[in-house]
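Results of the structural survey
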Amino acid sequence: MSDEEGEDGVNGWMEESCAHCGHTHKVVNGLFLREARIREGLSLREMARRLRLSPAYLSDVERNRRARLPKIVGNYLRQLKPMRLVNQ
Ligand SMILES: [Zn+2]
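Conventions adopted
Once a new chain begins, its residue numbering starts again from 1 and follows that chain's sequence as written. Totals for whole chains, interfaces and linings use all residues, but because this is a predicted model, local features are given only for residues with pLDDT of at least 70 and pairs of side-chain atoms are given and counted only at 80 or more. Helix numbering and strand numbering both begin at the N terminus, where a helix is a DSSP run of H or I of at least 4 residues and a strand a DSSP run of E of at least 2. Contact between two residues is assigned when their C-beta atoms, built from the backbone, lie within 7 Å. A fitted line through C-alpha atoms serves as each axis, taken over the contacting stretch for helices, and the angle formed by two N-to-C directions is quoted from 0 to 180°. Here roughly perpendicular refers to angles of 65 to 115 degrees, roughly parallel to angles under 35, roughly antiparallel to angles over 145, and oblique to all remaining angles. Polarity classes work like this: nonpolar for Ala, Val, Leu, Ile, Met, Phe, Trp, Tyr, Cys and Pro, charged for Asp, Glu, Lys and Arg, and polar for all others, with Gly in that last group. Joined through C-beta atoms within 7 Å, a set of buried Ala, Val, Leu, Ile, Met, Phe, Trp, Tyr and Cys residues constitutes a nonpolar core. Residues with at least 20 neighbouring C-beta atoms inside 10 Å of their own are called buried, those with 12 or fewer are called exposed, and the rest are partly exposed, where every C-beta is derived from the backbone. By definition, two strands form a pair when at least two bridges between them are found by DSSP. An arc is given here, and it is the one of the directions from the helix axis to the C-beta atoms.

Looking only at helices and strands, one finds 4 helices and 2 strands in the protein. Reading the protein from its N terminus to its C terminus gives the helix and strand order β-β-α-α-α-α. Pairs at least 24 residues apart make up 45% of the contacts formed inside the protein by residues separated by at least 6 positions.

Let us look at the packing of helix H2 (residues 44–51) against helix H3 (residues 55–62). The N-to-C vectors of H2 and H3 enclose an angle of 105°; their axes lie 9 Å apart at closest approach. The angle between the axes of H2 and H3 places the two elements in the roughly perpendicular class. Contacts between H2 and H3 involve Leu 44, Arg 45, Met 47, Ala 48 and Leu 51 on the former and, on the latter, Pro 55, Leu 58 and Ser 59. Here the residues of the contact of H2 with H3 are counted per class, giving 6 nonpolar, 1 polar and 1 charged.

Turning our eyes to something else, we now look at the nonpolar core. If you look at the biggest cluster of nonpolar residues, it comprises 5 residues: Val 28, Phe 32, Leu 33, Ala 36 and Tyr 76. Here this core gets 3 residues from one element, more than from any other, and that element is helix H1 (residues 30–39). Contacts of Tyr 76, omitting those with residues within four sequence positions, involve Leu 33 and Leu 51.

Our next topic: unusual backbone geometry. The backbone of Arg 52 sits at a positive phi, close to 60°, despite the residue not being glycine. Of note, Asn 64 is a non-glycine position whose phi angle comes to about 60°, a positive value. Positionally, Asn 64 belongs in the loop between H3 and helix H4 (70–78).

Moving on to the pairing of strand S2 (residues 24–28). By the bridge criterion, 5 bridges tie strand S1 (residues 13–17) to S2 in an arrangement that is antiparallel. Among the inter-strand pairings, Trp 13 is bridged to a residue of S2, identified as Val 28.

Looking now at H3. When we look at burial in H3, the residues that qualify are Leu 58, Val 61 and Glu 62. Projected down its long axis, H3 carries its buried residues within an arc of 95°, all on one side. Structurally, H3 contributes buried residues whose contacts are with H1, H2 and H4. At the C-terminal side of H3, Asn 64 shows a positive phi close to 60°.

This is how it looks when you write it as structure tokens:
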């Protein structure tokens with residue numbers, strides 16, 4: 001298993017075309033966040049409450065339907081046990 005893969009095999013990073021500059025950026029895969037949250041038994045509702053986001057908004061983030069803003073991802077990861085999310 002490479003450093004980029006979650007325990008369940010979902011890659012922590014994905015390529016996504018940027019609406020702002022048109023280039024492709026490497027961004028956090030929301031599905032990876034979702035799996036990590038579920039593994040720790042945290043509900044979507046509880047995570048949304050801690051991050052002060054609506055559950056619907058957070059659900060969209062986890063499904064890669066909204067931008068995974070660095071601030072949101074940082075706060076999200078702080079709710080979970082320490083884990084490695086290696087960018088390369
Ligand atoms: Zn860009």
